[in-house]
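Here is how the chains run, residue by residue.
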Amino acid sequence: MCRGGERLRRRAGEPALSLEGLDEWGRCLDALASGEGAEWPPDERTAWLDIVPDDPVEVAVHDAPSTQVAVRVPVDVAEDRLEANRLRLGRVRRAIG
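Residues numbered from 1 in each chain as written. Predicted model: local features only at pLDDT ≥ 70, side-chain atom pairs only at ≥ 80, totals over all residues. Heavy atoms only, no water.

### Thoughts on the overall build of the chain
And step 1. Helix and strand counts for the chain stand at 2 helices and 7 strands.
And step 2. Ordered by position from N to C terminus, the α and β elements of the chain give β-β-β-α-β-β-β-β-α.
And step 3. When the accessible surface of the chain is split by element, carbon and sulfur atoms take 52% of a total near 6,400 Å². (Helix = DSSP H or I, 4+ residues; strand = E, 2+ residues; numbered from the N terminus. Areas by Shrake-Rupley, 256 points an atom, 1.4 Å probe, with all protein chains shown as cover.)

Spelled out as structure tokens, the structure:
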């Protein structure tokens, strides 16, 4: 299972993308392509996603530790979802250089 690296936000309202975080995004896409699950990002101080590549894909959003609420929903995703995400990852890499 891929477990995402860095938090996506460092301070309230301030995005914090890094090349390491983008590398972890790519590793999560690789894990999903091979049928493994993915968590993004695994940080006890923030919300995170847990993705299970079943049919349909199950996505859980966890809000911890503040509310400790989790919501799991089945998502019917397009067949090309991983390729679309790889293209999106490439665009983000180019944008932040």
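Next comes the rest of the account.
### Details of the nonpolar core
And step 1. Core analysis: the biggest nonpolar cluster contains 8 residues, these being Leu22, Cys28, Leu29, Leu32, Ala38, Trp40, Leu82 and Leu89.
And step 2. Per-element accounting of this core gives the leading share, 4 residues, to helix H1 (residues 19-33).
And step 3. Apart from residues lying up to four places away in sequence, Leu22 is in contact with Leu17, Leu89, Val92, Arg93 and Ile96. (Core = buried A, V, L, I, M, F, W, Y, C linked by side-chain atoms within 4.5 Å. Buried < 20%, exposed > 50% of the residue type's maximum accessible area, 1.4 Å probe, protein only. Contact = heavy atoms within 4.5 Å.)

### Structural notes on H1
And step 1. Taking 1.5 Å as the rise per residue, H1 with 15 residues should run 21 Å; its terminal C-alpha atoms sit 21 Å apart, in good agreement.
And step 2. Of all the positions in H1, only Gly21, Leu22, Glu24, Gly26, Cys28, Leu29, Ala31 and Leu32 are classed as buried.
And step 3. Just beyond H1, the residue with positive phi is Gly35, at close to 90 degrees. (Expected span 1.5 Å × (residues − 1).)

### Details of the pattern of salt bridges
And step 1. Taken as a whole and assessed by the stated rule, the structure comprises 5 salt bridges.
And step 2. Residues Arg27 and Glu24 are paired through a salt bridge, measuring 2.8 Å at the closest nitrogen-oxygen approach. Within this pair, Arg27 and its partner Glu24 are both found in helix H1, separated by 3 residues, close to a single helical turn.
And step 3. Looking at Glu24, the relative accessible area reads 10%, which means it is buried.
And step 4. A salt bridge links Arg86 to Asp30, with the shortest nitrogen-to-oxygen separation between them at 2.8 Å. With Arg86 in helix H2 (residues 81-96) and Asp30 in helix H1, the pair connects residues that are 56 residues apart, well separated along the chain.
And step 5. With relative accessibility at 41%, the residue Asp30 sits in the partly exposed group.
And step 6. Sharing partners across several salt bridges, the network here consists of Asp50, Glu58 and Arg72. (Salt bridge = Lys/Arg side-chain N within 4 Å of Asp/Glu carboxyl O.)

### Description of the pairing of strand S6 (residues 57-63)
And step 1. Sheet topology places strand S5 (residues 48-52) next to S6; 5 bridges connect them, and they run antiparallel. Note that in S6 the partner of Trp48 across the bridge is His62.
And step 2. Between S5 and the antiparallel strand that follows it, S6, lie 4 residues.
And step 3. Of the strand pairs in this sheet, S6 and strand S7 (residues 69-75) are connected by 7 bridges, and their pairing is antiparallel. Bridge pairing links Val61 to Val71 in S7.
And step 4. The turn joining S6 and S7, which pair antiparallel and follow one another in sequence, is formed by 5 residues; a positive phi near 60 degrees is taken by Gln68. (Pairing = 2+ DSSP bridges.)

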